[in-house]
Amino acid sequence: MFSLGHENISTSPSSTKGPIKYGELIVLGCNGSLPNGDKGRRKSRFALCRRNKANGVKPSTVHTSCTPQAAKAVNNKEQHSISYTLSRSQTVVVEYTHDSSTDMFQIGRSTESPIDFVVTDTAPGGQASADSPNIQSTISRFACRIICQRNPPYSARIYAAGFDSSRNIFLGEKAAKWRMQDGQMDALTTNGVLVMHPRQGFSQDSKPGLWREISVCGNVFTLRETRSAQQRGRMVDSESNELADGSLIDLCGATLLWRTAEGLAHTPTLKHLEALRQELNAGRPQCPVGFNTLAFPSLRRKDVLDDKQPWAYMRCGHVHGYHSWGGRRDPEVEVECQERECPMCRARGPYVPLWLGCEAAFYVDAEPPTHTFSPCGHVCSEKTAAYWSQILLPHGTHAFHAACPFCIQPLSQESGCVRLIFQSPLD
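Read on for a plain summary of the structure. (Residues numbered from 1 in each chain as written. Predicted model: local features only at pLDDT ≥ 70, side-chain atom pairs only at ≥ 80, totals over all residues. Heavy atoms only, no water.)

**Here's the deal with the pattern of salt bridges**
- Under the counting rule described, the total for this entry stands at 15 salt bridges.
- Between Glu-24 and Lys-21 there is a salt bridge; the shortest N-O distance is 2.6 Å.
- For Glu-24, a relative accessible area of 1% corresponds to the buried category.
- What you see here is one network of salt bridges that share partners, running through Lys-21, Glu-24, Arg-45 and Glu-359. (Salt bridge = Lys/Arg side-chain N within 4 Å of Asp/Glu carboxyl O. Buried < 20%, exposed > 50% of the residue type's maximum accessible area, 1.4 Å probe, protein only.)

The structure is reproduced here in structure tokens:
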């Protein structure tokens, strides 16, 4: 199951071969790999497996004033701690102690050693915008941490902020923070960590849930008015920070999908997607204009335009090969106006090449690829297209919009997904 660089990892917690896998994180907008290739801790997906030795931590002693013990906790590089700066004269330090029953995984933009999964900003089209030095990243260097239970049921919980190289988390005066009823401190990070749990699991029947914000201590809140507002939302006691199969994690610049090991075991494999591609091509779909046979390129050539590449009109879904019928004679006007008239039904709309969605973890079922996201042209099953077109992903400081999971390009407001209409061969 899923041989994407994780051949030695078991896909089911009950498996006895290889380390136990808790789940995987997959970056939305990456269609199987990062644009420039997966390198080290920077990749499109990351498997969380049980460590040889537990490295989890849990809160212990609270220091409410600048005592020598508090200073020692902060300066001790072997001691995890979180510092809450209330004013120039008052800082609350919470010591964290080793927890032998959990494993901790940290996610963020930093390439320092405490970060297990390095995540950079993802721009529409799947381009990693953080590769450009002119673009200011909005992802925190130490964005969040996930704590997994080492024993069944292997639950995974998410917390905002991660420990730095000195094993500290510093929350300055500007961070939204407060003291809870039990005397413990809690806070939100600057741009926040948002989570959405799907309703009815991650399946054909899935429905989007509500976006919530997760605090440093793992409490759940309604969203702030804007992403970095000082005023926190309302606490939601009835919900938890435990990740479910299909949970989405937004880090303000990149969105991650959490898939459990059990969920992945019921997800189509790359081999299955390849079989669906071959079956589609075996039907020998034809271009109604040029009468040439069309074929989806192999999954390995998912970004290279091919002579037999299927193209489609996004208003109606009629599939063609590339042709100039209905195009404008003035090339400059053609560039400015990407709309073309379909020769089959005269509907006007974007005319784009079709690409198979290659990231199997985004599929909610294993049905044939019959629908395309509009206007990007990524093709997947009907239920998968319907599910993702319903999800409003965080965008900027307070906006939300639906986007294709394979390239994160915003979907058309008119129709986010379109049924494809293939022309069968005349013979």
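**Regarding the sheet that holds strand E3 (residues 56–63)**
- Taken together, four strands build an open sheet; the order of strands is E3-E5-E4-E12 and the sheet is mixed. Single-partner strands in this sheet number two, and they are E3 and strand E12 (168–171). Each neighbouring strand pair of the sheet contributes to a mean axis angle of 20°, computed without reference to strand direction.
- Of the strand pairs in this sheet, strand E4 (residues 80–87) and strand E5 (residues 90–99) are connected by seven bridges, and their pairing is antiparallel. Of the residues in E5, the one forming a bridge with Ser-83 is Val-93. (Pairing = 2+ DSSP bridges. Helix = DSSP H or I, 4+ residues; strand = E, 2+ residues; numbered from the N terminus. Axes fitted to C-alpha atoms, helices over the stretch in contact; angles between N-to-C directions.)

**Quick word on the pairing of strand E23 (residues 348–353)**
- Looking at chain direction, strand E20 (residues 311–313) and E23 are connected through three bridges and run antiparallel. Its bridge partner being in E23, Tyr-313 is matched across the sheet by Tyr-351.
- Bridge count for strand E22 (residues 339–341) against E23 is three bridges, and the pairing is antiparallel. By the bridge assignment for E23, Arg-340 is matched with Gly-349.

**Side note on the side chain of Glu-213**
- Summarising the element assignment, Glu-213 is placed in strand E16 (residues 211–214).
- Exposure remark for Glu-213: the relative accessible area of 2% places this residue in the buried category.
- At a separation of 2.7 Å, a polar atom in the side chain of Glu-213 contacts the side chain of Arg-224.
- In this structure Glu-213 touches Leu-188, Thr-189, Gly-192, Val-193, Leu-194, Asn-219, Val-220, Phe-221, Thr-222, Leu-223 and Arg-224, once residues within four positions along its chain are discounted. (Polar contact = N/O pair within 3.5 Å; in protein donor to acceptor, adjacent residues only side chain to side chain. Contact = heavy atoms within 4.5 Å.)

**Some remarks on unusual backbone geometry**
- Here the amide bond leading from Pro-152 into Pro-153 is cis, since omega sits at 10°, within 30 degrees of zero.
- Residue position: Pro-153 is located in the loop between strand E10 (144–149) and strand E11 (156–160).
- Geometrically, the link from Ser-374 to Pro-375 is a cis peptide bond, its omega value of 15° lying close to zero.
- As for its position among the elements, Pro-375 is in the loop between strand E25 (371–373) and strand E26 (378–380).

**Side note on the nonpolar core**
- Core analysis: the largest hydrophobic core is formed by 49 residues, its most contacted members being Ile-146 and Ile-249.
- The residues touching Ile-249, leaving out its near neighbours within four places in the chain, are Leu-25, Ile-146, Ile-158, Val-193, Leu-194, Val-195, Leu-243, Ala-254, Thr-255 and Leu-256. (Core = buried A, V, L, I, M, F, W, Y, C linked by side-chain atoms within 4.5 Å.)

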